[in-house]
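Fold and geometry: a report
As a plain string of letters, each chain reads:
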Amino acid sequence: LTCFLTGWRAKQAAALGDGVIERGLEHLAPFFGDVPKQLFMAAKIVDWAADQWALGGYSSSPVGSLGLRKALATSQPPLFFAGEATVYDDSPATVHGALRSGERAAGEVLSL
């Protein structure tokens, strides 16, 4: 089970520390009863906002942003842009999106 939180919700979750796991299990109870607590084994919490290299999370596309990913990906030599926010053709999600965009940007550099 994976949960992604952004903005003020992420700040609230970070403030709970490990207590966020218990809170998450409580939120599942109305749907599944006590089963999630009974089956729970382990968790990993990642606070991307506190990570010195990420300093945040991942991109999202709000209503009205059609075409902006392509604009972010547009190279301006000598600058070439990569990152999952610049994937505009398909699969613009986290790790695989970042990898695809890096390959695209590397291809642009090599084509000079």
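Figured I'd write up the structure that's included with this text. The residue count restarts for each chain, going from 1 along the sequence in the order it is written. Thresholds applied to this predicted model are a pLDDT of at least 70 for local features of residues and 80 or more for the giving and counting of side-chain atom pairs; totals over whole chains, interfaces and linings are not thresholded and use all residues. Excluded from the side-chain calculations are hydrogens and water; all other atoms, namely the structure's heavy atoms, are used.

1. A few points about the environment of A13
Tracing the chain through its elements places A13 in helix α1 (residues 7-16). Sequence-wise, A13 and D47 are 34 residues apart; in three dimensions their C-alpha atoms are separated by 9.1 Å. Should any heavy atoms of two residues lie within 4.5 Å, those residues are considered in contact. When neighbours within four sequence positions are excluded, A13 is seen to be in contact with L5 and V20. Counting from the N terminus, the helices are DSSP H or I runs at least four residues long and the strands are E runs at least two residues long.

2. What about unusual backbone geometry?
P78 follows P77 through a cis peptide bond whose omega is 15°. Mapping P78 onto the fold places it in the loop between α4 (68-73) and α5 (94-110).

3. Quick look at a nonpolar patch on the surface
Nonpolar side chains collect at one region of the surface, where F31, F32, V35 and L39 lie side by side and expose about 480 Å² of accessible area between them. Those elements that place two or more of their residues in the nonpolar patch are α2 (19-32) and α3 (35-39). Mapped onto the elements, V35 comes out in helix α3. Given the relative accessible area of 40%, V35 is considered partly exposed. Exposure above 30% relative accessible area and no salt bridge define the residues that can form patches, which grow by joining like charges within 9 Å and nonpolar side chains of Val, Leu, Ile, Met, Phe, Trp and Tyr within 5 Å. We get accessible surface area from the Shrake-Rupley algorithm with a probe of 1.4 Å; when it comes to residues, only the shown protein chains can shield them. Whenever a carboxyl oxygen of Asp or Glu lies within 4 Å of a side-chain nitrogen of Lys or Arg, that contact is scored as a salt bridge. Burial classes follow relative accessibility: with a 1.4 Å probe on protein chains only, a residue under 20% of its type's maximum area counts as buried, one over 50% as exposed, and anything between as partly exposed.

4. Points about α2
Expected span, for any helix, means 1.5 Å times one less than how many residues it has. With 14 residues, α2 should reach 20 Å at 1.5 Å per residue; the first-to-last C-alpha distance of 20 Å fits that figure. Residue G33 follows α2 closely and has a positive phi angle near 65°.

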